[in-house]
Amino acid sequence: SIVEKETGQPAERDRIAGVLVNRLRRGMLLQVDPTVIYGLGERFDGNLRKNHLLTDGPYNTYTRPGLPPTPIALPGVAALRAALRPAATDALYYVARGDGTSQFSRTLEEHNRAVRKYQLNGAR
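Asks: Which parts of the structure should I look at to understand the side chain of His-52?
Replies: Checked against the element boundaries, His-52 lands in helix H4 (residues 50–54). Using a relative accessible area of 14% as the deciding quantity, one classes His-52 as buried. In contact with His-52, not counting residues within four places along its chain, are Val-36, Leu-40, Asn-47 and Asn-60.

Asks: What should I look at first to understand the pattern of salt bridges in this one?
Replies: If the charged atoms of two oppositely charged side chains come close together, the side chains can form a pair. Under the criterion given, the structure shown has 4 salt bridges. Between Asp-56 and Arg-64 there is a salt bridge; the shortest N-O distance is 2.9 Å. Between Glu-109 and Arg-113 there is a salt bridge whose closest N-O contact spans 3.1 Å. Linking Glu-109 with Arg-113, this pair stays in helix H6 (residues 108–120), spanning 4 residues, or about one helical turn. For Arg-113, a relative accessible area of 42% gives the class partly exposed.

Asks: Would you take a moment to explain unusual backbone geometry for this structure?
Replies: Note on backbone geometry: most residues besides glycine have negative phi, and most peptide bonds are trans. For Gln-31, which is not glycine, the phi torsion reads 50° and is therefore positive. Mapping Gln-31 onto the fold places it in the loop between helix H2 (13–26) and helix H3 (33–40).

Asks: For this particular structure, what's the right way to read the side chain of Thr-7?
Replies: Looking at the secondary structure, you find Thr-7 in the loop between helix H1 (2–6) and H2. Judged by its relative accessible area of 8%, Thr-7 is buried. Of note is the side chain of Thr-7, whose polar atom sits 3.0 Å from the backbone nitrogen of Gln-9. Side chain to side chain, Thr-7 and Glu-12 meet in a polar contact 3.3 Å long. Setting aside chain neighbours within four positions, we find Thr-7 in contact with Glu-12, Arg-13, Ile-16 and Gly-100.

Asks: Can you help me understand the packing of H2 against helix H5 (residues 77–84) in this one?
Replies: The relative placement of two packed helices comes down to the angle between their axes together with the axis-to-axis distance. Interaxial distance between H2 and H5 falls to 8 Å at its minimum, and their mutual angle equals 45°. Considering the angle they form, H2 stands oblique to H5. By crossing handedness, the relation of H2 to H5 is classed as right-handed. Where H2 abuts H5, its residues Arg-13, Asp-14 and Ala-17 lie against Ala-78, Ala-79, Ala-82 and Ala-83.

Cut-offs applied
Residues numbered from 1 in each chain as written. Predicted model: local features only at pLDDT ≥ 70, side-chain atom pairs only at ≥ 80, totals over all residues. Heavy atoms only, no water. Helix = DSSP H or I, 4+ residues; strand = E, 2+ residues; numbered from the N terminus. Buried < 20%, exposed > 50% of the residue type's maximum accessible area, 1.4 Å probe, protein only. Contact = heavy atoms within 4.5 Å. Salt bridge = Lys/Arg side-chain N within 4 Å of Asp/Glu carboxyl O. Polar contact = N/O pair within 3.5 Å; in protein donor to acceptor, adjacent residues only side chain to side chain. Axes fitted to C-alpha atoms, helices over the stretch in contact; angles between N-to-C directions. Parallel < 35°, antiparallel > 145°, perpendicular 65-115°, else oblique. Left-handed = near helix turned anticlockwise from the far one by under 90°.

Pasting the structure below:
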C-alpha cells in the first residue's frame, strides 16, 4: 500500500519498492509521507508540516521503525507486483521532483542536494 501511495509513475513502482526494502533491511526508518498522512486522518488539511513528522504515532514512519500496523490504502496489482519483486537498486532515498517523477539517491548527501533542488528551492 505504501508503494501505491508513494508514486504516480507506474515505471517507478519497482524502484520505490527497492528503496523501501533496502531501508528495511538496513534498519532505517522508512520516512514516507503517505503513512503520516494516513495516521492524521481527518486532521490532515492537505499541508504536511514538520510537526506532523515529529509527532509519534503508529503510522508515523519518521518516528517508528518498520512497516505501519495496517495498510494505508488499497494497493493495485502493479503495486503488489512491485512489492513482491522490488528492483535491485543501491538507492536509499528518493524525493518528488514536482512533475510526478522521483529523484533517487544512494547517499544522504545526494538526497539532501535533491531535496534542496526539487523541494526547498521550488524548482518544479
